[in-house]
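Summary of the model geometry
Here is how the chains run, residue by residue.
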Amino acid sequence: MITLNDYCKVQFGEKLYKISLNGGMSCPNRDGTLDTRGCIFCSAGGSGDFTPPLSMSMEEQIEDAKRRVAGKFSGSRYIAYFQSYTNTYASVDYLRQLFMPVILRDDIAVLSIATRPDCLGDDVLALLDELNRIKPLWVELGLQTVHPKTAEYIRRGYGLEVYDNAIRRLNALGIHTVTHVILGLPHETREDMLATVQHVKDMHSGGIKLQLLHVLKDTDLAADYAAGKFQVMELNDYVNLICDCVRLMGDSMVIHRLTGDGPKKILLAPQWSGNKKRVINAINRALAHTD
């Protein structure tokens, strides 16, 4: 298993801390291009509930983020993470003006951009290639699942072949790709979820983020949960599934995340996921036992 910390120490000679930034973009699943409702699980913050407000300039966002982590991080370089919504969903001129000053900063070691596979046109890829030649660029793609029925239910809005093509093109440019996978999506079996991880491995994604499904307030997923249409995962089941995923992946990918924590104010279920330390400790114990 290759953890993100181990990867950073090898590639950059030190641990790096990720700071979340707000690029002020929307999403084709929200602005009416594909839909107006967003993905079924997505909060009003567009999966960026911990990002700063757009009223802050980029300089202010970065400096504020550095101050907030100063008590737990003594390093001097960071991963600039554009997290909320779709961070290539804008004109190339806008993206250049946004990303270039950030990647040129001495205190930024990596630029990480979360986006959708269907928002990577030729002009955007050309810009990403240019950025990657300056400093390492990570492009994070929200796949979530390989199963068409589930993808339709969560309103993902693109087919699996779109993800596959995006991964191939990014890999051809030498850009580190990170694929987001949600574990515990309604009605998916253990075998279904492992099939998604296997596909990500087969496509040679550079990294993977494994995310437990969170039911958040005021989402369409929350309405289905309240109606009893599905159940969320229990802690032991999730830990065992993570161990299966790690065994399947081996050392083929960098593991950027083994779980995640939704904002406690809007987290409906599973409530046990609100204690991230407990979850991480349970995963670490289980992984140590399987070695």
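Located above this text is the structure these notes cover.
Keep in mind that what you see is a predicted model, and the values were worked out from it rather than measured. (Residues numbered from 1 in each chain as written. Predicted model: local features only at pLDDT ≥ 70, side-chain atom pairs only at ≥ 80, totals over all residues. Heavy atoms only, no water.)

A closer look at helix 6 (residues 160-172)
Rules: In DSSP terms, a helix is any run of H or I states spanning at least four residues, a strand is any run of E spanning at least two, and both are numbered starting from the N terminus. Expected span of a helix, by definition, is 1.5 Å for each gap between consecutive residues, and there is one gap fewer than residues. With a 1.4 Å probe rolled over the protein chains alone, any residue whose accessible area is under 20% of its type maximum counts as buried; one over 50% counts as exposed, and the rest are partly exposed. This arc corresponds to the set of directions leading from the helix axis out to the C-beta atoms.
Over its 13 residues, helix 6 runs 19 Å from end to end, which matches the ideal 18 Å to within 8%, given 1.5 Å per residue. Listed in full, the buried residues belonging to helix 6 are Tyr163, Asp164, Ala166, Ile167 and Leu170. Mapping the buried residues of helix 6 onto a view down its axis gives an arc of 165°, with all of them on the same face. Exposed residues lying more than 90 degrees from the buried face of helix 6 are Glu161, Arg168 and Ala172.

Observations concerning the nonpolar core
Cut-off, in case you're wondering: Think of a nonpolar core as a cluster: buried Ala, Val, Leu, Ile, Met, Phe, Trp, Tyr and Cys residues, connected wherever their side-chain atoms sit within 4.5 Å.
Counting 67 residues, the largest nonpolar core has Leu111, Leu128, Leu131, Leu183, Ile208, Leu210 and Met249 as its most contacted members. Residue contributions to this core peak at nine residues, all from helix 9 (residues 235-249). In terms of nonpolar packing, the next biggest core, distinct from the first, is built from 14 residues, Phe41, Ile154, Ile182 and Val232 among them.

A look at the state of the cysteines
For the record, the criterion: Sulfur atoms of two cysteines make up a disulfide when they are within 2.5 Å.
All chains considered together, the criterion is met by zero disulfides. Just so you know, cysteine 27 is unpaired, no disulfide at all, and the nearest cysteine sulfur is the one on cysteine 39, 6.3 Å from it. For cysteine 27, a relative accessible area of 10% translates into the label buried. Cysteine 245 carries a free sulfur, and the closest cysteine sulfur to it, the one in cysteine 243, is 9.3 Å from it. Under the relative-accessibility criterion, cysteine 245 is labelled buried at 0%.

Thoughts on the packing of helix 9 against helix 10 (residues 276-290)
In a pair of packed helices, the angle between the axes and the distance between the axes together describe the arrangement. For the record, the criterion: Fitted lines through C-alpha atoms serve as axes, helices being fitted only where they are in contact, and the angles separating the N-to-C directions of these axes extend from 0 to 180 degrees. Here the word oblique covers every angle except those under 35 degrees (roughly parallel), over 145 (roughly antiparallel) and from 65 to 115 (roughly perpendicular). Less than a right angle of anticlockwise turn of the near helix away from the far helix marks a crossing as left-handed, whereas a clockwise turn marks it as right-handed. Two residues qualify as a contact provided that any one of their heavy atoms is within 4.5 Å of a heavy atom in the partner residue. Each residue is assigned to one class: nonpolar for Ala, Val, Leu, Ile, Met, Phe, Trp, Tyr, Cys and Pro, charged for Asp, Glu, Lys and Arg, and polar for all the others, Gly among them.
At a minimum axis separation of 9 Å, helix 9 and helix 10 run at an interaxial angle of 50°. Here helix 9 is positioned oblique relative to helix 10, judged by the angle of their axes. Read as a crossing pair, helix 9 and helix 10 show a hand that is right-handed. In contact with Leu235, Tyr238, Val239, Ile242, Cys243, Val246 and Arg247 of helix 9, helix 10 contributes Arg278, Val279, Ala282, Ile283, Ala286, Leu287 and Thr290. Looking at the contact of helix 9 with helix 10 residue by residue, the classes come out as eleven nonpolar, one polar and two charged.

Observations concerning the side chain of threonine 145
To keep things clear, this is the line we draw: Within 3.5 Å is the distance limit for a polar contact, defined as a pair of N or O atoms, with the added protein rule that one can donate a hydrogen and the other accept it, and that residues adjacent in sequence qualify only through two side-chain atoms.
With respect to the helices and strands, threonine 145 occurs in the loop between strand 5 (137-144) and helix 5 (148-153). Taking relative accessible area as the criterion, threonine 145 reaches 0% and is therefore assigned buried. Within the structure, threonine 145 has its side chain in polar contact with the backbone nitrogen of histidine 147 (distance 3.1 Å). Residues in contact with threonine 145, not counting those within four places in the same chain, are Thr150, Ala151, Ile154, Arg156, Leu185, Glu188 and Thr196.

Here's the deal with the packing of aromatic side chains
Stated precisely, the cut-off is as follows: Centres within 6.5 Å make a pair out of two Phe, Tyr or Trp rings, where for Trp the six-membered ring is used; the pair is then stacked when the planes are under 30 degrees apart, edge-to-face when over 60, and tilted otherwise. Only lysine NZ and arginine CZ atoms are considered, and such an atom sits over a ring when it is within 6 Å of the ring centre and within 35 degrees of the ring normal.
Tallying each qualifying case throughout the model produces six aromatic pairs. A ring pair is formed by phenylalanine 82 and phenylalanine 99, whose centres lie 5.0 Å apart and whose planes are at 75°; its orientation type is edge-to-face. Taken as a pair, phenylalanine 82 in strand 3 (residues 78-82) and phenylalanine 99 in helix 3 (residues 92-103) lie far apart in primary sequence, 17 residues in all. Through successive ring pairs, a cluster of aromatic residues spans Tyr17, Phe73 and Tyr78. Lying over the aromatic face of tyrosine 81, lysine 18 brings its terminal NZ or CZ to 4.5 Å of the ring centre. Its guanidinium or amino end placed over the ring of tyrosine 158, arginine 156 lies 4.5 Å from that ring's centre, counting from NZ or CZ.

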